[in-house]
Protein chains: 2
Amino acid sequence: MLLFKISTYAIVDGNMKIELVIAAVALVFFIIGIYLNKKTLSRNPQKKPEVDKNKIAELGLSKREYEVLVEISKGLSNKEIANSLFVSESTVKTHVSNLLVKLDAQRRTQAVRIARQLNIL
Amino acid sequence: MLLFKISTYAIVDGNMKIELVIAAVALVFFIIGIYLNKKTLSRNPQKKPEVDKNKIAELGLSKREYEVLVEISKGLSNKEIANSLFVSESTVKTHVSNLLVKLDAQRRTQAVRIARQLNIL
DNA sequence: GGAGGATTCATACTAAAGTACCAAAAAGCT
DNA sequence: AGCTTTTTGGTACTTTAGTATGAATCCTCC
């Protein structure tokens with residue numbers, strides 16, 4: 001609107017060709033159109049697959065169980081997970097077992113797949 | 001440009017307010033700007049994480065080995081993979097072993113993770 | 001038609017994963 | 001403090017995964 005007013009004044013002053021003024025205004029608004037459009041599109045660019053905390057709670061996954069799940073998805077063995085979480089391998093196995101039941105999975109690989117589909121990874 | 005010419009003629013006919021003409025032209029080009037921008041952005045909308053066939057070849061993964069890899073990523077056991085590919089479990093094990101070496105993975109879960117990072121899944 | 005990779009399968013073995021069951025701390029909650 | 005869930009860990013066991021090795025068949029390419 002401001003730009004529009006300015007262009008109007010330019011005409012009132014009136015020593016330029018009208019076509020030029022129109023061309024200039026058109027160009028300016030053309031660019032503004034592109035600019036605004038790009039901005040709105042980049043504001044929410046991609047629906048980032050964020051971790052769905054609600055679903056985690058819904059499944060009854062405890063904090064520790066979820067941590068183990070994350071480590072599994074990294075491809076770690078039970079022993080490696082035990083080290084990274086500072087617990088025994090027995091503990092990890094317990095968590096894994098419970099986790100598989102809650103995710104309705106038979107294997108850890110399947111657990112990862114299901115977890116991905118549920119957007120909790 | 002066509003639109004521009006038309007608007008010029010309208011002025012030559014000259015019985016409308018100049019401000020209105022400018023406003024109209026501005027609006028039209030504004031919309032055109034948005035439209036064109038949206039079109040170019042939707043032409044290549046999202047860099048879809050497509051399977052990188054080159055990388056598969058680069059790793060020396062055979063057709064069958066890759067198929068096994070895909071089944072692994074679905075969370076299937078060796079026995080289940082054997083059934084789905086109509087081969088024995090022994091064969092699957094062979095493929096898995098070779099596949100792990102080529103992907104430089106120690107476990108199938110790790111293979112899946114690496115494969116994802118390489119965009120071959 | 002022979003060379004070589006791919007696919008198939010087997011046996012025998014080791015390692016890892018997973019189950020079942022139990023039980024003691026630790027942490028939260030009211 | 002008392003109750004509940006979580007976290008921890010153990011033993012014992014079964015199952016699955018993975019390795020090593022060897023070998024037959026199939027396919028393709030030259």
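Conventions adopted
- Residues numbered from 1 in each chain as written.
- Chains lettered and ligands numbered in written order.
- Predicted model: local features only at pLDDT ≥ 70, side-chain atom pairs only at ≥ 80, totals over all residues.
- Heavy atoms only, no water.
- Near = heavy atom within 4 Å.
- Polar contact = N/O pair within 3.5 Å; in protein donor to acceptor, adjacent residues only side chain to side chain.
- Helix = DSSP H or I, 4+ residues; strand = E, 2+ residues; numbered from the N terminus.
- Nonpolar A, V, L, I, M, F, W, Y, C, P; charged D, E, K, R; others polar.
- Buried < 20%, exposed > 50% of the residue type's maximum accessible area, 1.4 Å probe, protein only.
- Contact = heavy atoms within 4.5 Å.
- Axes fitted to C-alpha atoms, helices over the stretch in contact; angles between N-to-C directions.
- Parallel < 35°, antiparallel > 145°, perpendicular 65-115°, else oblique.
- Arc of directions from axis to C-beta.

*Asks:* Would you explain the protein's contact with DNA strand D in this entry?
*Replies:* The environment of DNA strand D is made up of 18 residues, and the closest members are A:Ser62, A:Ser88, B:Lys93, B:Ser97 and B:Arg108. Taking all atoms of DNA strand D within 4 Å of the protein, the share assigned to sugar and phosphate is 65%. In the environment of DNA strand D, a phosphate oxygen lies 3.1 Å from a nitrogen or oxygen atom belonging to the side chain of A:His95. The contact in question runs from a phosphate oxygen of DNA strand D to an N or O atom on the side chain of B:Ser97, over 2.8 Å. When contributions to the surface near DNA strand D are tallied by element, the ones reaching two or more residues are α4 (63–73) and α6 (89–103) of chain A together with α6 (89–103) of chain B. Among the residues forming the surface near DNA strand D, the class breakdown is three nonpolar, nine polar and six charged.

*Asks:* Quick question: what am I supposed to make of α4(A) here?
*Replies:* Residues three or four positions apart in an α-helix share a direction because the helix packs 3.6 residues into each turn. A:Glu65, A:Tyr66, A:Val68, A:Leu69, A:Glu71, A:Ile72 and A:Ser73 are the residues of α4(A) that are buried. Structurally, α4(A) contributes buried residues whose contacts are with α3 (53–59), α5 (78–85), α6 and α7 (108–117) of chain A together with α7 (108–117) of chain B. One or two positions beyond α4(A), positive phi appears at A:Gly75, with a value near 90 degrees.

*Asks:* I tried to follow the protein's contact with DNA strand C on my own but got confused; where do I start?
*Replies:* DNA strand C sits among 18 residues. The nearest are A:Lys93, A:Arg108, B:Ser62, B:Val87 and B:Ser88. Near-protein atoms of DNA strand C (within 4 Å) split between backbone and bases, with sugar and phosphate holding 66%. Here A:Lys93 contributes a side-chain N or O atom positioned 2.8 Å from a base oxygen of DNA strand C. Breaking the surface near DNA strand C down by element, the ones donating at least two residues are α6 of chain A together with α4 (63–73) and α6 of chain B.

*Asks:* What is the right way to read the packing of α4(A) against α6(A) from this model?
*Replies:* For any two helices packed against each other, the geometry is given by the interaxial angle and the distance between the axes. Residues and elements named next belong to chain A. Look at α4 against α6: their axes get within 9 Å of each other, and the N-to-C directions meet at 90 degrees. Comparing their axes, α6 and α4 come out roughly perpendicular. Contacts between α4 and α6 involve Arg64, Glu65, Val68, Leu69 and Ile72 on the former and, on the latter, Val92, His95, Val96, Asn98, Leu99, Lys102 and Leu103. Residues of the contact of α4 with α6, tallied by class, amount to seven nonpolar, two polar and three charged.

*Asks:* Just checking my understanding: could you explain helix α5 (residues 78–85) of chain B for this structure?
*Replies:* Residue and element names in this part refer to chain B. Of all the positions in α5, only Asn78, Ile81, Ala82 and Leu85 are classed as buried. Taken around the axis of α5, the buried residues stretch over an arc of 105 degrees, which confines them to a single face. Turned more than 90 degrees from where α5 packs its buried face, Lys79 and Asn83 sit exposed. Downstream of α5 by a residue or two, phenylalanine 86 has a phi angle that is positive, lying close to 60 degrees.

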